[in-house]
Amino acid sequence: TSFGFKEVSEEEKSRLVGNVFSNVASNYDLMNDLMSGGLHRLWKDRLVSKLNPFPGMKHLDVAGGTGDVAFRILETINSMKRRAIQDSLNDSLHEETRIFICDINPNMLSVGKKRALERGLGEDKSLTWVEGDAEALSFEDNSMDGYTIAFGIRNVTHIEKVLAEAYRVLKPGGRFLCLELSHVEVPLFKDLYDLYSFSVIPALGELVAGDRASYQYLVESIRRFPPQEKFASMIAVAGFQKVEYENLVGGVVAIHSGLKF
Ligand code: SAM
């Protein structure tokens, strides 16, 4: 062409688009690792161990992005199944496990599907990727045993709507779990953490992702998110019972949970 570009075949185009997505994902993963010093992996492990996944469960991971939480749930269930096969306890194995990953951003879902292939979960029929809004889910009432949302609720427009939807889709006995960046109250640690978030995070964002403003916004959105007790009371207002939370690293993150009776 007059610009010196070659005609790009369909195949080439999808390869290029794939590259863009994997750049987004690798940047995203790298930033998560850098900002949390790798801790986000342990926090997600903790979330999944609190969930207590079981073979045959129907689970919904909202704001599931690149699949990080869903893969952990599925891998936990798959290893339980392997153990059960070894012990010839086959009863629980016939139930079909279903894990739905719902995210509003199709690019994040594409990255997730690609990562599922890389992890050898591409053929696993248990995973279903759904584009959708946490505030208006397309799933039926009383259809899920578990609901997780990790680093997702902080940025939605109406937290109350997300909680009401979580309550609606869970079965009675179903479990709600939310992992989110929260508030540090430990005096000296709080000062250090403030210094870290207001200086180091935006600088890292600029250096690694070339995007200072987004990371500044990230820090501000953490400040604006309701503190642990307030968020717990919002979960109770949505109808959940036995609402509790666990602070990790002095409240840098918190895992809130509730049960639908
Ligand atoms: N849960 C993943 C994790 O822990 O790595 C991804 C977290 S990422 C910080 C936040 C995700 O929330 C993004 O993938 C974004 O597209 C999604 N998101 C934002 N608003 C949403 C909404 N209203 N409904 C569903 N997903 C949403």
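Residues numbered from 1 in each chain as written. Predicted model: local features only at pLDDT ≥ 70, side-chain atom pairs only at ≥ 80, totals over all residues.

### Quick notes on the site of the ligand
Consideration 1: Near the ligand lie 18 residues; those nearest to it are Ala63, Gly65, Asn105, Ala134 and Ala150.
Consideration 2: Classifying every residue of the shell around the ligand gives nine nonpolar, five polar and four charged. (Near = placed C-beta within 6 Å. Nonpolar A, V, L, I, M, F, W, Y, C, P; charged D, E, K, R; others polar.)

### Quick notes on the UniProt feature "binding site: S-adenosyl-L-methionine" (unreviewed entry) in the protein chain
Consideration 1: UniProt's entry tags Thr66, Asp103, Asp133 and Ala134 with the feature "binding site: S-adenosyl-L-methionine" (unreviewed entry), counted in the numbering of this structure.
Consideration 2: Note on placement: threonine 66 falls in the loop between strand S1 (58-62) and helix H3 (68-86).
Consideration 3: You can call threonine 66 buried: it has 25 C-beta atoms within 10 Å.
Consideration 4: Note on placement: alanine 134 falls in the loop between strand S3 (127-131) and strand S4 (144-150).
Consideration 5: Once residues lying within four places of it in the same chain are set aside, the contact partners of alanine 134 are Val62, Ala63, Ile149, Gly152, Val156, Val162 and Glu165. (UniProt positions renumbered as here; feature names shortened; annotations may be inferred. Helix = DSSP H or I, 4+ residues; strand = E, 2+ residues; numbered from the N terminus. Buried ≥ 20, exposed ≤ 12 C-beta atoms within 10 Å, placed from the backbone. Contact = placed C-beta atoms within 7 Å.)

### Notes on unusual backbone geometry
Consideration 1: Phi at asparagine 52 is positive, roughly 60°, even though this residue is not glycine.
Consideration 2: Within the secondary structure, asparagine 52 sits in the loop between helix H2 (39-51) and S1.
Consideration 3: One non-glycine residue, alanine 63, lies in positive phi territory at about 55°.
Consideration 4: Inspection of the secondary structure puts alanine 63 in the loop between S1 and H3.

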